[in-house]
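# Chains, contacts and geometry: an overview
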Amino acid sequence: MSNITLDAKSESELTLNELITDAPIATISENSDLPLAQQAANVLRDMIVQDIIPPGKPIRERTLAQQLNVSRTPLREALRILAVDGLVELLPSRGAIAANPSPEDVKHMLEFLGGIEGLAGELACKRATDAEIDEIRALHYEMLAAFARKDRLAYFKLNQRIHRALVLASGNPLLIETHERMNARLYRIRYRSNMRNTKWPTAISEHEEILKAIENRDAVKLNDLMRNHLGSTWTKVSEDGQVGAADHHDNDE
């Protein structure tokens, strides 16, 4: 298999993706160590977060299987993976649609995730090894490089890796597992929040403060920073109408 060429307009009208031409999605390769279903899930995840498959839209298995050059068996397994992540809904007799949470649901999830990341940051200040802090610092500078290149998807994924690394450094397995599940459900929302170019300098500044706090092992400061960082995500998406009525498409199209 080779890199995938996606004819997104054959599925539905493009929205955000038409404005983002510098964000390549994941690809499927026969040389990958990942199972085919997981590779397909990674591709579909990028398509969903970039609105190539908009929220509430049906996911047409036959068309996608042709575009991704995979059979429908691994594609269906990929959809089940994304359903567990909360990015896809599997409807009896109707197939799969891209999930479309309500504004209230998104707000509640972000509040919950902010609490999780705040606690994780506090614990990480107490428990992180020097090597873990070095890794967070390295990811931060990789993210700055992606920001300088205006490589939006790379910037977003590195941003997410920083958040996950902080949570992992908490050393709390239950917290790590809960964060992984909840963050997966908010993956598209957090991506859209990151796409507000006017807010990029603010986000970078916030991450600079987060890095300083973990380096100084300032638990109280990092707890506050992580909670406020997620609060700013809700502010950005709600101000732009990125969830709610503007996001609710007609499922029968």
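In what follows, the accompanying structure is described.

Reading the values: the criteria
- Residues numbered from 1 in each chain as written.
- Predicted model: local features only at pLDDT ≥ 70, side-chain atom pairs only at ≥ 80, totals over all residues.
- Heavy atoms only, no water.
- Pairing = 2+ DSSP bridges.
- Helix = DSSP H or I, 4+ residues; strand = E, 2+ residues; numbered from the N terminus.
- Phe/Tyr/Trp six-rings, centres within 6.5 Å; stacked < 30°, edge-to-face > 60°.
- Buried < 20%, exposed > 50% of the residue type's maximum accessible area, 1.4 Å probe, protein only.
- Polar contact = N/O pair within 3.5 Å; in protein donor to acceptor, adjacent residues only side chain to side chain.

One open sheet accounts for three strands, arranged E1-E3-E2; its pairing is antiparallel. Lying at the two open borders of the sheet, with one neighbouring strand each, are strand E1 (58-59) and strand E2 (88-91). Where E2 meets strand E3 (residues 95-98), four bridges bridge the pair, whose relative direction is antiparallel. Bridge pairing links Leu91 to Gly95 in E3.

Glancing now at the packing of aromatic side chains. The description of two aromatic rings rests on the distance between their centres and on the angle between their planes. Summed over the entire model, instances satisfying the criterion amount to three aromatic pairs. Their ring planes at 45° and their centres at 6.2 Å tell us that Phe147 and Tyr155 sit as a pair that is tilted. A residue is classified by how much of its surface remains accessible, and Tyr155, at 0% relative accessible area, is buried. For the ring pair Phe156 and Tyr191, a centre distance of 5.2 Å and an interplane angle of 85° mean the geometry is edge-to-face.

For Asp46, the position within the fold is in helix H2 (residues 36-49). Separated by 3.0 Å, the side chains of Asp46 and Lys157 make a polar contact.

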